[in-house]
Amino acid sequence: MIYSYFSNPGILGYHWAYNVNATAGLIPTNGEQLCVWVGTPSARFMESLRGDPKAAFDLLLNEAAPEFTETFSSAKATERFLGYAGQPSYMRQSCGPGWALVGDAGYFKDPLTAHGITDALSDAENLAAAIVESLASNTNEPLSSYQDRRDELGIDFASITCDIASYNWDINRIKELVRDEGRLLAKEAHARREPIRPGQPRHLGS
């Protein structure tokens, strides 16, 4: 992936674009800034695109989202272009005697689905609830439920993310994956609206 920030020209909401071997996204953020990223398979990035980040950014943006090419190829980025060559996903044991992991420390997936900060905030919320329950009950059992909650919310999303980040799809298949991702996000949002009750993991349903 290659990304930078631009002054937001008035774009509202998130925009995601998919094409064969090229993806892109626009994410409004604070300070009237817009994060714009482009992506491609790691092999292509390493072989031919990592030498000139701006040229690679322009090329991939044009392939994935040509409707935004003129706007951002001619605009001046407010920060330098940064590259990320990718790394394998993992899911680690999330707690043990005297320790616990939250966010990417315990569970990492490719940033293509832009879900990492949600995982970190969810982990922090669930770990805090487990610690409070553990102190109240004077047992370590609630901490084991912390990992159960994380896995329940995370395993399916990790699988979909790996499928999308593999770039092993055509346009029809990516449409299916994005629809599946949307359904999972809706289930996840519903689960997060439910209050955390000690000893009662929240379930996404079928």
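> When you look at the side chain of Ser-134 in this model, what are you seeing that I'm missing?
Tracing the backbone through its elements, the reader meets Ser-134 in helix α4 (residues 116-137). Classification of Ser-134 as buried rests on a relative accessible area of 10%. If we ignore the near neighbours within four places in the chain, the residues touching Ser-134 are Thr-139, Asn-140 and Pro-142.

> What exactly am I supposed to notice about the pairing of strand β4 (residues 33-39) here?
Walk down a regular strand and you will see the side chains alternate between the two sheet faces. For β4, the buried fraction is high: seven of the seven residues fall into the buried class. The sheet contact formed by strand β1 (residues 2-7) and β4 spans six bridges and is antiparallel. The residue bridging Tyr-3 from the neighbouring strand is Trp-37, located in β4. Sheet topology note: the strand β3 (residues 22-28)/β4 ladder contains six bridges and is antiparallel. Looking across to β4, one finds that Ile-27 is bridged to Cys-35. Hairpin connection of β3 to β4: four residues between the antiparallel strands, including Gly-31 at a positive phi of 65 degrees.

> How should helix α5 (residues 141-165) be read in this particular structure?
Along its 25 residues, α5 runs 36 Å from first to last C-alpha, staying within 8% of the 36 Å computed at 1.5 Å per residue. One or two positions beyond α5, positive phi appears at Tyr-167, with a value near 60 degrees.

> Please clarify how the packing of α4 against α5 should be interpreted in this entry.
Packed helices, taken two at a time, are described by the angle their axes make and the gap between the axes. At a closest axis distance of 8 Å, the pairing of α4 and α5 adopts a crossing angle of 160 degrees. On the basis of the axis angle, α4 is roughly antiparallel to α5. The interaxial crossing formed by α4 with α5 has right-handed handedness. Contact with α4, carried on its side by Ser-122, Asp-123, Asn-126, Leu-127, Ala-130, Ile-131, Glu-133, Ser-134 and Ser-137, involves Pro-142, Leu-143, Tyr-146, Arg-149, Arg-150 and Leu-153 of α5 and no other residues of that element. For the contact of α4 with α5, the class distribution of residues is seven nonpolar, four polar and four charged.

> Sorry, what's going on with the nonpolar core here?
It is characteristic of soluble globular proteins that their nonpolar side chains tend to be buried jointly. Formed by 22 residues in total, the largest nonpolar core has its most connected members in Phe-57, Leu-61 and Phe-72. Of all the elements in the fold, those that place two or more residues in this core are β1, β3, β4, α1 (42-49) and α2 (53-64). The greatest single-element share of this core, amounting to five residues, is contributed by α2. Met-1, Tyr-18, Trp-37 and Leu-112 belong to the second-largest nonpolar core, a separate cluster that totals 16 residues.

> Quick question: what am I supposed to make of the pairing of strand β2 (residues 15-19) here?
For β2 and β3, the ladder comprises five bridges, and the chain directions are antiparallel. Bridged to His-15 within β3 is Leu-26. Linking two consecutive strands that pair antiparallel, namely β2 and β3, is a turn of two residues; a positive phi of about 65 degrees is found at Asn-21 within it.

> Got a minute to help me understand the environment of Met-1 in this structure?
Residue position: Met-1 is located in the segment before β1. Considered as a pair, Met-1 and Ala-24 are 23 residues apart in the sequence and their alpha carbons are 8.9 Å apart. In this structure, Met-1 is in contact with Trp-37, Val-38, Gly-39, Phe-45, Leu-82, Gly-83, Tyr-84, Asp-110, Pro-111 and Leu-112, ignoring residues within four places of it in sequence.

> Could you clarify how one ought to interpret the pattern of salt bridges in this entry?
Pairing between side chains of opposite charge can happen when the charged atoms of each approach one another. Tallied over the full model, the rule gives six salt bridges. Where Asp-151 meets Arg-150, a salt bridge forms, and the shortest distance between an N and an O atom there is 2.8 Å. Relative accessible area serves as the criterion here: at 19%, Asp-151 is assigned to the buried category. Overall, the relative accessible area of 5% leaves Arg-150 in the buried class. Taking the shortest distance from any N to any O, the salt bridge between Arg-183 and Asp-180 comes out at 2.4 Å. Taken as a pair, Arg-183 and Asp-180 lie in helix α6 (residues 171-193) at a separation of three residues, close to a single helical turn.

Cut-off values and rules
- Sequence order as written defines residue numbering, which begins from 1 separately in each chain.
- Restriction of local features to residues with pLDDT of at least 70 applies here, the model being predicted, together with a cutoff of 80 or more for giving and counting side-chain atom pairs; totals for whole chains, interfaces and linings are based on all residues.
- As a convention, hydrogens and water are excluded, and side-chain values are obtained from all of the structure's heavy atoms.
- What counts as a helix is a DSSP run of H or I of at least four residues, what counts as a strand is a run of E of at least two, and both are numbered from the N terminus.
- For every residue, the accessible area (1.4 Å probe, protein chains only) is compared with the maximum for its type, and the residue is labelled buried under 20%, exposed over 50%, or partly exposed between those bounds.
- We call two residues in contact when some of their heavy atoms are within 4.5 Å.
- What makes two strands pair is DSSP finding at least two bridges between them.
- One fewer than the residue count of a helix, multiplied by 1.5 Å, yields its expected span.
- For helices, the fitted line uses only the C-alpha atoms of the stretch in contact; every axis is such a line through C-alpha atoms, and the angle between N-to-C directions lies from 0 to 180 degrees.
- Here the angle decides the label: under 35 degrees means roughly parallel, over 145 means roughly antiparallel, 65 to 115 means roughly perpendicular, and every other value means oblique.
- Note: crossing handedness is left-handed where the near helix turns anticlockwise from the far helix by less than a right angle, and right-handed where it turns clockwise.
- Classification convention: Asp, Glu, Lys, Arg as charged; Ala, Val, Leu, Ile, Met, Phe, Trp, Tyr, Cys, Pro as nonpolar; all other residues, Gly among them, as polar.
- Here, the term nonpolar core denotes a set of buried Ala, Val, Leu, Ile, Met, Phe, Trp, Tyr and Cys residues that are joined through side-chain atoms within 4.5 Å.
- Salt bridge, as used here: a side-chain nitrogen of Lys or Arg that lies within 4 Å of a carboxyl oxygen of Asp or Glu.

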